[in-house]
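Spelled out, the chains give:
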Amino acid sequence: MPWFCRIFHIEARKKHSFFIENNSKSELGDNNRNIFNMVLHAVYDFFFNYDIENKTVIKHPIVPFSIVAFYLLFVIWIGPALMKNRKPFTLRKTLIAYNFLQSVANTIVAYQIFYNITEHWEDRCNVKTSPRLPSLLKKSMKMIWELYLLKFVDLLDTVFFVLRKKQNQVTFLHLFHHSGLCLFGTWGLRNMKLVIGFYIAVGFGINTIVHVIMYFYYGLAACGPSIRKYLWWKKYLTLIQILQIVFIVTYMGVGFLTGCEEFEMIFPTYQRE
């Protein structure tokens, strides 16, 4: 091969290699961008898209069911076995951050619930015929999804008990409450039915406020003895929990007796519009 042909061949190979390399980098960059966009979309869909019917965790209940199953396995068998010959974790800073963040999260949800209630209060006795029903349902689904997520976050309560070797607090009632809410919530969202009645919103709202108070108390208690001496109001926590039940039952009773509240479920078809 003549020398000028060899030079041309070498240059052509260089350009080809350069093109392939750049093209590969471009494809790699596109793939990275696609993966990044997919992750962003998944995060947005999980937290901010309230088209619950089309969410992966609802369409495929194996996800929440697996979380609950692993939760029960860990707190009943795996966790205690791992901690058997270990010293309990203190987790002081973790508990402070966790409980205060839970209190803040529940405060935000409680505010949304009661804002929605007051905004639509005049529709309380004629929800089904209200022209604002689609708006009410859409806002309700947003709050229901947020409450649903918080129920899974609540599972960490038990995990912390196990890691701190407080196994005596892992009672049947405790496990039934936490796992039951997650499973029942999944079943409810899969059936895509909403109970039309303000008593449901009022019940969720009051219960969320109770969670705000309780997690705030637990956060303060985790700060140590210097703060605990100011927690004289601990004895009222049980009273608050009892009062919430009395208030909710009373509200429901008055609503049903006056005919203002009805127990009826509908499909929120507004999401398909």
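Computed from a predicted structure; not experimentally measured. Residues take numbers from 1 onward in each chain, read along the sequence in its written order. Reporting of local features is limited, given that this is a predicted model, to residues whose pLDDT is at least 70; pairs of side-chain atoms are given and counted only at 80 or more, and all residues count toward the totals for whole chains, interfaces and linings. Only hydrogens and water are set aside; all other atoms, that is, all heavy atoms of the structure, feed into the side-chain values.

## Let's talk about the overall build of the chain
Under the scheme used here, helices are H or I runs from DSSP no shorter than 4 residues and strands are E runs no shorter than 2 residues, and both carry numbers assigned from the N terminus. Tallying secondary structure elements over the chain gives 10 helices and 2 strands in all. A 1.4 Å probe rolled over the protein chains alone gives each residue an accessible area, and that area as a share of the maximum for its type sets the label: buried under 20%, exposed over 50%, partly exposed in between. Every one of the 273 residues in the chain was classed for burial, and the buried ones make up 36%. Contact criterion: two residues are considered in contact whenever any of their non-hydrogen atoms come within 4.5 Å of each other. Excluding contacts between residues fewer than 6 apart, the proportion of contacts in the chain whose partners are at least 24 apart in sequence is 80%. Here the open area of atoms and residues is found with the Shrake-Rupley method and a 1.4 Å probe, where only the protein chains shown may cover a residue. Element-wise, carbon and sulfur atoms account for 69% of the exposed surface of the chain, whose accessible area totals about 17700 Å².

## Some details on the pattern of salt bridges
By salt bridge we mean one thing: a side-chain nitrogen of Lys or Arg within 4 Å of a carboxyl oxygen of Asp or Glu. The tally for this structure, following the rule as stated, stands at 2 salt bridges. Of the charged contacts in the structure, one is a salt bridge between lysine 142 and glutamate 146, with a shortest N-O distance of 2.9 Å. Taken as a pair, lysine 142 and glutamate 146 lie in helix α5 (residues 133–153) at a separation of 4 residues, close to a single helical turn. According to the relative accessible area criterion, lysine 142 is partly exposed, its value standing at 24%. Across the salt bridge formed by aspartate 154 and lysine 151, the nearest N and O atoms sit 3.8 Å from each other.

## Observations regarding the nonpolar core
For this analysis, a nonpolar core means a set of buried residues of the types Ala, Val, Leu, Ile, Met, Phe, Trp, Tyr and Cys, connected via side-chain atoms within 4.5 Å. Formed by 18 residues in total, the largest nonpolar core has its most connected members in Val75, Trp145, Tyr148, Phe152 and Leu189. Mapped by element, the contributors of at least two residues to this core are α3 (62–83), α5, α6 (156–163) and α7 (172–191). Top contributing element to this core by residue count: α5, with 5 residues. In terms of nonpolar packing, the next biggest core, distinct from the first, is built from 16 residues, Ile117, Leu137, Met143 and Phe198 among them.

## Quick notes on α6
Among the 8 residues in α6, 6 count as buried, and that is most of the element. Of all the positions in α6, only Asp157, Thr158, Val159, Phe160, Phe161 and Val162 are classed as buried. Where α6 is buried, its residues meet α3, α4 (92–119), α7 and α8 (198–221). The first or second residue beyond α6 is lysine 165, which carries a positive phi of 60°.

## Focus on a positive patch on the surface
The patches described consist of residues with a relative accessible area above 30% and no salt bridge, like charges being joined within 9 Å and nonpolar side chains (Val, Leu, Ile, Met, Phe, Trp, Tyr) within 5 Å. His is not counted, nor are the chain ends; Lys and Arg add positive charge and Asp and Glu add negative charge. Positions of charges follow a simple convention, taking NZ of Lys, CZ of Arg, CG of Asp or CD of Glu. Among the surface-exposed residues, Arg92, Lys93, Lys166 and Arg228 lie close enough to one another that they form a single positively charged patch. Along the polypeptide, lysine 166 turns up in the loop between α6 and α7.

## Comments concerning the UniProt feature "transmembrane region" (unreviewed entry) in the chain
UniProt positions are given in the numbering used here, feature names are shortened, and annotations may be inferred rather than shown by experiment. Following the UniProt record, one finds the feature "transmembrane region" (unreviewed entry) at residues 62–83, 95–114, 143–163, 195–218 and 239–258. Overall, residues 62–83 shows 100% helix and 0% strand. The separation of its end C-alpha atoms is 28 Å. As annotated, residues 239–258 comprises 95% helix and 0% strand, and the C-alpha atoms at either end are separated by 28 Å.

## Notes on the environment of lysine 165
Counting through the fold element by element, lysine 165 comes out in the loop between α6 and α7. Relative accessible area serves as the criterion here: at 37%, lysine 165 is assigned to the partly exposed category. Here a polar contact means two N or O atoms within 3.5 Å. Within protein one must be a hydrogen donor candidate and the other an acceptor candidate, and residues neighboring in sequence count only if both atoms are side-chain atoms. A polar contact of 3.0 Å, which involves the side chain of lysine 165, links it to the backbone oxygen of methionine 83. A distance of 3.0 Å separates a polar atom in the side chain of lysine 165 from the backbone oxygen of arginine 86.

## Let's talk about the packing of α5 against α8
Where α5 meets α8, the closest approach of the two axes is 12 Å, and the angle between their N-to-C directions is 35°. Crossing angle aside, the handedness with which α5 passes α8 is left-handed. When α5 is examined against α8, the residues Leu136, Leu147 and Lys151 are found in contact with a partner set consisting of Phe198, Phe204, Asn207, Thr208 and His211. Any residue that is not Ala, Val, Leu, Ile, Met, Phe, Trp, Tyr, Cys, Pro, Asp, Glu, Lys or Arg is counted as polar, Gly included; the first ten are nonpolar and the last four charged. Broken down by class, the residue content of the contact of α5 with α8 amounts to 4 nonpolar, 3 polar and 1 charged. Note on geometry: axes are C-alpha line fits, over the in-contact stretch for helices, and angles between N-to-C directions span 0 to 180 degrees. Should the near helix be turned anticlockwise from the far one by less than a right angle, the crossing is left-handed, and should it be turned clockwise, the crossing is right-handed.

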